[in-house]
Amino acid sequence: MTAHDTPVDPTTTAAWAALDAHEEELADGSLREWFAQDPDRGRTLSRQAADLLVDLSKNLIQPHTLELLLQLAQETRVLERRDAMFAGEHINTTEDRAVLHTALRRPQGSAPSLQVDGQDVDADVQEVLERITAFAQNVRSGEWTGATGKRIETVVNIGIGGSDLGPVMIYEALKPLRADGLEARFISNIDPTDAYTTTADLDPETTLVIVASKTFTTLETITNARLVRTWLLDGLRARGVEVDEREAVAKHFVAVSTALDKVEEFGIDPANAFGFWNWVGGRYSVGSAIGTVLAVVLGPEVFRELLSGFHAMDEHFRTAEPDQNVPLLMGLLNVWNVNFLGAETHAVLPYSQYLHRFPAYLQQLTMESNGKSVRWDGTPVTTDTGEVFWGEPGTNGQHAFYQLIHQGTRVIPADFIAFATPTHPLRDGKVDVHELFLANFFAQTKALAFGKTAEEVEAEGTTGALVAARTFSGDRPTTSIMAPALTPAVLGQLIALYEHITFVQGAVWGIDSFDQWGVELGKKLANELAPAVAGDEQAIAAEDSSTAGLIRYYREHRA
Ligand code: G6Q
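Residues numbered from 1 in each chain as written. Predicted model: local features only at pLDDT ≥ 70, side-chain atom pairs only at ≥ 80, totals over all residues. Heavy atoms only, no water.

Trainee: When you look at the packing of helix H7 (residues 165–173) against helix H15 (residues 358–370) in this model, what are you seeing that I'm missing?
Mentor: Angle between the axes and distance between the axes: these two values describe a pair of packed helices. Look at H7 against H15: their axes get within 9 Å of each other, and the N-to-C directions meet at 155°. With respect to each other, H7 and H15 are oriented roughly antiparallel. The way H7 lies across H15 gives a crossing that is left-handed. Within the contact between the two elements, H7 uses Leu165, Gly166 and Met169 and H15 uses Phe358, Ala360, Tyr361 and Gln364. Across the contact of H7 with H15, the residue classes tally to five nonpolar, two polar and no charged. (Axes fitted to C-alpha atoms, helices over the stretch in contact; angles between N-to-C directions. Helix = DSSP H or I, 4+ residues; strand = E, 2+ residues; numbered from the N terminus. Parallel < 35°, antiparallel > 145°, perpendicular 65-115°, else oblique. Left-handed = near helix turned anticlockwise from the far one by under 90°. Contact = heavy atoms within 4.5 Å. Nonpolar A, V, L, I, M, F, W, Y, C, P; charged D, E, K, R; others polar.)

This is how it looks when you write it as structure tokens:
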């Protein structure tokens with residue numbers, strides 16, 4: 001396959017027609033029936049991918065559904081596209097780029113080495129990784145100091161979107177592993193509140209700033225970087241430090257970017273910059289130098305363990321047989337849920353407080369990748385694409401929006417994620433609180449699958465109209481994902497799992513999951529509106545009546 005081949009229209013395949021007919025047959029069945037008919041269903045529909053156990057059995061599928069979905073994958077040439085991605089073909093057609101986040105995770109010495117567009121990708125990756133490792137060690141050991149000779153205590157990462165969400169999510173997830181006396185903070189929003197509140201209580205003498213921007217032109221990031229540079233220089237001066245600006249910036253600012261020329265223009269010494277490459281998409285970049293903040297605060301060994309987890313899932317996706325290939329099956333299952341069962345959203349519900357930013361991270365990964373209406377050859381898509389991803393950690397969600405998942409009118413497939421070993425094994429008297437927590441996980445997935453019939457409600461003594469209100473239809477699809485513990489490697493596996501699920505969906509739908517023209521538009525428009533917002537009457541008058549009215553409101557009411 002070449003990356004520019006016309007995508008196969010999935011709706012014209014034999015598998016699609018068969019899935020349509022199959023969906024009608026299945027509509028008469030139920031999870032209660034299917035579990036009763038096949039007492040081994042839980043096992044036959046479970047799979048293992050690296051350290052993850054993935055139980056698909058509480059989805060609205062029969063084993064034959066998976067066969068038909070795999071046929072759909074074959075007819076839409078998903079695995080050929082996967083191989084093209086791993087080989088470095090330019091499958092990001094609208095930007096004419098290779099898509100090689102998987103190369104960031106290849107272990108040192110992988111053979112044969114990966115050559116793409118005339119570059120030894122493996123050598124490039126290892127070189128940057130070694131520089132990051134050395135830098136992280138210097139900061140952690142105290143060898144690297146601020147301008148006044150004090151060791152670094154806080155690393156502030158300034159970035160947005162793909163240059164923020166991954167690092168924040170992973171930092172939050174692995175916080176227990178951070179070094180004593182070293183913390184990370186993140187500034188992303190151009191709302192000045194973000195820069196202000198994040199730096200308000202920091203000591204500039206012990207603060208190191210990482211400006212993370214692939215393009216180094218993003219308005220939010222460059223503005224925030226300038227704000228923090230001013231904060232830093234003013235702060236040092238206020239302490240009576242004689243500031244040589246260049247020297248102070250060199251000691252307190254490093255950069256991560258693919259545009260090293262722009263880094264220099266900003267005033268950061270290129271010797272303090274870590275590069276990556278245009279074949280790493282922003283939302284796929286946390287395994288690149290974008291993860292430098294993690295290598296510093298969590299440690300380079302933790303960062304490498306994370307990469308090894310990513311790689312384990314990459315290898316699973318690249319080599320596992322289709323019927324055992326978890327990202328392939330889960331991606332196809334999402335297609336089934338969206339295109340055949342009519343799901344419009346997908347909940348991700350981690351039973352781990354440390355994963356509280358995981359749904360937000362996945363929102364960018366999945367929705368920026370597959371929120372598209374045209375295919376990679378510019379023709380319109382032929383069916384619904386990208387569902388809305390959302391979620392919150394359990395059990396908090398149970399006391400809020402789960403009501404709609406249990407008894408609402410919409411089908412909401414949900415992924416439940418949990419870990420056997422707690423990070424903090426607390427007891428409440430004799431009760432192991434983690435067991436209480438997991439009991440909720442098991443209870444919810446069970447209730448969603450099997451519901452509660454009117455007879456069961458009546459048997460408890462309920463009568464009249466209340467019976468209907470207390471009845472649960474069941475047949476609400478869920479996937480359960482379990483792992484031994486939330487280690488860096490397991491987290492890497494989980495992230496790569498969702499990356500590849502997203503890839504599979506995009507490949508079936510024929511879309512370029514690696515561009516983001518919708519984001520580019522927003523970046524451009526905000527810059528264009530700046531004169532009007534600043535009060536240029538002619539510019540305001542040129543706007544539509546709604547935008548002009550809102551800008552005038554702002555100008556009149558600003559205190
Ligand atoms: C990700 C998107 C987008 C990007 C941000 C930041 O895939 O392209 O979220 O990461 O807009 O861009 P920079 O890293 O270039 O500042």
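Trainee: Would you mind showing me how to read the nonpolar core here?
Mentor: Buried together is how nonpolar side chains tend to be arranged in soluble globular proteins. Ranked by size, the top nonpolar core spans 118 residues in total, and within it Ile170, Trp279, Phe358, Leu491 and Tyr498 carry the most contacts. A total of 13 residues in this core trace back to one element, the largest contributor, which is helix H20 (residues 488–509). Ignoring any residue separated from it by four or fewer positions in sequence, one finds Phe358 in contact with Met169, Val348, Ile417, Leu494, Ile495 and Tyr498. Core analysis: the next-biggest nonpolar cluster, separate from the first, contains 23 residues, Ala195, Val228, Ala255 and Ala259 among them. (Core = buried A, V, L, I, M, F, W, Y, C linked by side-chain atoms within 4.5 Å. Buried < 20%, exposed > 50% of the residue type's maximum accessible area, 1.4 Å probe, protein only.)

Trainee: It is not clear to me how the pattern of salt bridges should be interpreted in this structure. Could you clarify?
Mentor: Pairing of side chains with opposite charge becomes possible as their charged atoms draw close. The tally for this structure, following the rule as stated, stands at 24 salt bridges. Taken together, the shared-partner salt bridges connect Lys150, Asp203, Glu205 and Arg239 into one network. (Salt bridge = Lys/Arg side-chain N within 4 Å of Asp/Glu carboxyl O.)

Trainee: Would you mind showing me how to read the sheet that holds strand E7 (residues 207–212) here?
Mentor: To summarise the sheet geometry, strands pair through backbone hydrogen bonds and adopt either a parallel or an antiparallel arrangement. Pairing is parallel across the open sheet formed by five strands, whose spatial order is E6-E5-E7-E8-E9. In the strand order of this sheet, the two ends are held by strand E6 (183–187) and strand E9 (273–275), each with one partner. Each adjacent strand pair in this sheet contributes to an overall mean axis angle of 20°, direction not counted. Together, strand E5 (154–158), E6, E7 and strand E8 (253–257) form the strand contacts of helix H9 (residues 219–238), whose direction differs from that of E7 by roughly 165°. (Pairing = 2+ DSSP bridges.)

Trainee: For this particular structure, what's the right way to read the packing of aromatic side chains?
Mentor: What describes a pair of aromatic rings is the distance from one ring centre to the other and the angle between the planes of the rings. With the rule as written, the count across this model stands at 22 aromatic pairs. Taken together, a centroid distance of 4.9 Å and an interplanar angle of 5° make the contact between Trp277 and Trp279 stacked. Both residues of the pair, Trp277 and Trp279, belong to the buried class. On the basis of an interplanar angle of 45° and a centroid distance of 5.5 Å, the ring pair of Phe401 and Tyr402 is categorised as tilted. A relative accessible area of 1% means that Tyr402 is categorised as buried. Feature note: the residues Tyr351, Trp390, Phe401, Tyr402, Phe416, Phe437, Phe441 and Phe442 constitute an aromatic cluster, connected by ring pairs. One cation-aromatic arrangement involves Lys251 over Trp144; the distance from NZ or CZ to the ring centre is 5.6 Å. (Phe/Tyr/Trp six-rings, centres within 6.5 Å; stacked < 30°, edge-to-face > 60°. Lys NZ or Arg CZ within 6 Å of the ring centre and 35° of its normal.)

Trainee: What should I look at first to understand the pairing of E6 in this one?
Mentor: Each regular strand shows side chains that alternate between the opposite faces of the sheet. Here E6 lies mainly inside the structure; four of its five residues are buried. Alignment of E5 against E6, held across five bridges, turns out to be parallel. Across the sheet, residue Thr154 finds its bridge partner in E6, namely Glu183. Following the chain from E5 across H7 to the adjacent parallel E6, one finds a crossover that is right-handed. (Right-handed = clockwise from strand over helix to strand, strands pointing away.)

Trainee: Just checking my understanding: could you explain the packing of helix H6 (residues 121–141) against helix H13 (residues 300–319) for this structure?
Mentor: At a minimum axis distance of 9 Å, the contact between H6 and H13 shows a crossing angle of 145°. Along the contact surface, H6 presents Gln126, Leu129, Glu130, Thr133, Ala136, Gln137 and Arg140, while H13 presents Pro300, Glu301, Phe303, Arg304 and Leu307.

Trainee: How should empty space enclosed by the protein be read in this particular structure?
Mentor: This model, assessed by the stated rule, comprises four cavities of 30 Å³ or more. Looking at the largest cavity, its volume works out to about 80 Å³. Among the secondary structure elements, those contributing two or more residues to the lining of the largest cavity are H6 and H13. Of the residues forming the lining of the largest cavity, the biggest block, four residues, is contributed by H6. A breakdown of the residues in the lining of the largest cavity according to their chemical character gives nine nonpolar, three polar and no charged. Computed from the structure, the second largest cavity encloses a volume of approximately 60 Å³. Looking at the second largest cavity, the residues that line it are Asn59, Met330, Leu333, Asn334, Asn337, His346, Pro413, Ala414, Asp415, Pro477, Thr478 and Thr479. Of all the elements in the fold, those that place two or more residues in the lining of the second largest cavity are helix H14 (326–340), strand E12 (414–419) and strand E15 (478–483). The residue makeup of the lining of the second largest cavity, split by class, is five nonpolar, six polar and one charged. (1 Å grid on protein atoms, 1.4 Å probe; cavity = no way out; pocket = protein on both sides within 12 Å on 5 of 7 lines; lining within 4 Å. Points joined across faces, edges and corners; volume = space filled by probe spheres on them.)

Trainee: So what exactly am I meant to see when it comes to the layout of surface pockets here?
Mentor: Unfilled space is identified by rolling a water-sized probe across the atoms. Volume-wise, the largest pocket comes out at about 550 Å³. Every residue lining the largest pocket is counted, 30 residues in all, and those nearest its centre are Gly282, Gln516, Val519, Glu520 and Lys523. Within the residue set of the lining of the largest pocket, elements represented by two or more residues are H9, H15 and helix H21 (517–533). At three residues, the largest contribution of residues to the lining of the largest pocket is made by H21. In terms of residue class, the lining of the largest pocket is made up of eight nonpolar, 14 polar and eight charged. Here the second largest pocket is characterised by a volume of approximately 350 Å³. In terms of lining residues, the second largest pocket is bounded by 14 residues, among which Pro422, Thr423, His424, His434 and Phe437 are the most central. Per-element accounting of the lining of the second largest pocket gives the leading share, three residues, to helix H17 (residues 433–450).

Trainee: Would you mind going over unusual backbone geometry with me for this structure?
Mentor: What you tend to see is this: most non-glycine residues have negative phi, and most peptide bonds are trans. With omega at -10°, the peptide bond leading from Ala111 into Pro112 counts as cis. On the secondary structure map, Pro112 appears in the loop between helix H5 (78–86) and strand E3 (115–116). A cis amide bond, omega 5°, links Gly394 with the succeeding residue Thr395. With respect to the helices and strands, the residue Thr395 is situated in the loop between strand E11 (388–390) and helix H16 (402–407). Backbone geometry places Arg77, a non-glycine residue, at a positive phi of 60°.

Trainee: Just checking my understanding: could you explain the site of the ligand for this structure?
Mentor: For the ligand, the set of nearby residues contains 14 residues, the closest of which are Ser163, Ser213, Thr215, Thr218 and Gln364. Here an oxygen atom of the ligand sits 2.7 Å away from a polar atom, N or O, in the side chain of Gln364. Contact with the protein chains covers 94% of the free accessible surface of the ligand, which is 400 Å². Structurally, the ligand is housed in the largest pocket. Classifying every residue of the shell around the ligand gives one nonpolar, nine polar and four charged. (Near = heavy atom within 4 Å. Polar contact = N/O pair within 3.5 Å; in protein donor to acceptor, adjacent residues only side chain to side chain. Areas by Shrake-Rupley, 256 points an atom, 1.4 Å probe, with all protein chains shown as cover. Sits in = over half its atoms within 2 Å of the grid points.)

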